[in-house]
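The residues making up each chain are set out below.
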Amino acid sequence: MMKQVDNLSLRMVRAPVPEKNKDGEYEVLIDEQPTGITVPYCDIEAAVKVDADRYLLFLTNDTLFEEMLRIALIRPGEGVIDMLVVGAPYSTGIFEELDVQKTAVNFRFIGDITWTVSIPDKPFFRIPFIGDPPCVWHSFTPKRYIRISANPPKWQ
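Residues numbered from 1 in each chain as written. Predicted model: local features only at pLDDT ≥ 70, side-chain atom pairs only at ≥ 80, totals over all residues. Heavy atoms only, no water.

(A) Quick peek at the layout of surface pockets. Empty space within the largest pocket amounts to approximately 280 Å³. Around the largest pocket sit Pro16, Pro18, Asn21, Lys22, Asp23, Gly24, Tyr26, Pro40, Tyr41, Cys42, Asn61 and Asp62, which together line it. Of the residues assigned to the lining of the largest pocket, the class counts are six nonpolar, three polar and three charged. Considering only enclosed or pocket space, the second largest pocket measures out at about 170 Å³ in volume. Taken together, Met1, Met2, Val50, Asp51, Arg54, Lys102, Thr103, Ser118, Ile119 and Asp121 make up the lining of the second largest pocket. Taken together, the residues that form the lining of the second largest pocket break down as four nonpolar, two polar and four charged. (1 Å grid on protein atoms, 1.4 Å probe; cavity = no way out; pocket = protein on both sides within 12 Å on 5 of 7 lines; lining within 4 Å. Points joined across faces, edges and corners; volume = space filled by probe spheres on them. Nonpolar A, V, L, I, M, F, W, Y, C, P; charged D, E, K, R; others polar.)

(B) Here's a closer look at the sheet that holds strand S5 (residues 43–49). With antiparallel pairing, the six strands of this open sheet are ordered in space as S1-S5-S6-S7-S8-S13. Each having just a single partner strand, strand S1 (3–5) and strand S13 (136–138) make up the two edges of the open sheet. Strand-to-strand twist of the sheet, defined as the mean angle between neighbouring strand axes without regard to direction, takes the value 25°. The sheet contact formed by S5 and strand S6 (residues 55–60) spans six bridges and is antiparallel. Paired with alanine 47 across the bridge in S6 is leucine 57. (Pairing = 2+ DSSP bridges. Helix = DSSP H or I, 4+ residues; strand = E, 2+ residues; numbered from the N terminus. Axes fitted to C-alpha atoms, helices over the stretch in contact; angles between N-to-C directions.)

(C) Quick peek at the nonpolar core. Of all hydrophobic cores here, the largest spans 25 residues; its most connected members are Leu56, Phe58, Ile71, Val86, Phe107 and Trp115. Going through the elements one at a time, S5, S6, strand S7 (68–75), strand S8 (79–87), strand S10 (104–108), strand S11 (114–118) and strand S15 (147–151) are the ones with two or more residues in this core. For leucine 56, the residues in contact, after removing those within four places along its chain, are Ala46, Ala47, Val48, Val50, Ile71, Ala72, Leu73, Val105, Val117, Ile119 and Ile146. One finds Leu8, Val28, Leu57 and Leu59 within the second-largest nonpolar core, a separate group that totals 15 residues. (Core = buried A, V, L, I, M, F, W, Y, C linked by side-chain atoms within 4.5 Å. Buried < 20%, exposed > 50% of the residue type's maximum accessible area, 1.4 Å probe, protein only. Contact = heavy atoms within 4.5 Å.)

Right, dumping it as structure tokens:
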């Protein structure tokens, strides 16, 4: 059963280098203890415990009106299992209205869109660039662990 938690934080490992278009590197801490897991964004907007040993992190990069939201599924001892980005250049979005359900997380980001994220019991196959809502960028791998949908499904 998913539940929102507040015992995760980030510690800077490497500062961002904007002039070289390089994100920073931040280590995930659980109960202030290092995990060895690093992520590219510096702010945890929300953290959700998925099950006994997996967490969903909703991350932004400390921009006033966030243009990109990274969603990372992590497992201590294993690292980042899956990550995706929600956003588009020149769009503005504010992460809000987080609603953690038993098997899914709903939130608003970019306009009037409600996003839903779920974590299936087993990884699933998806052809890269096909099947995700607009403005979702997933790693270039067919094996996925994070399922995401948007309502409305297309931009108005």
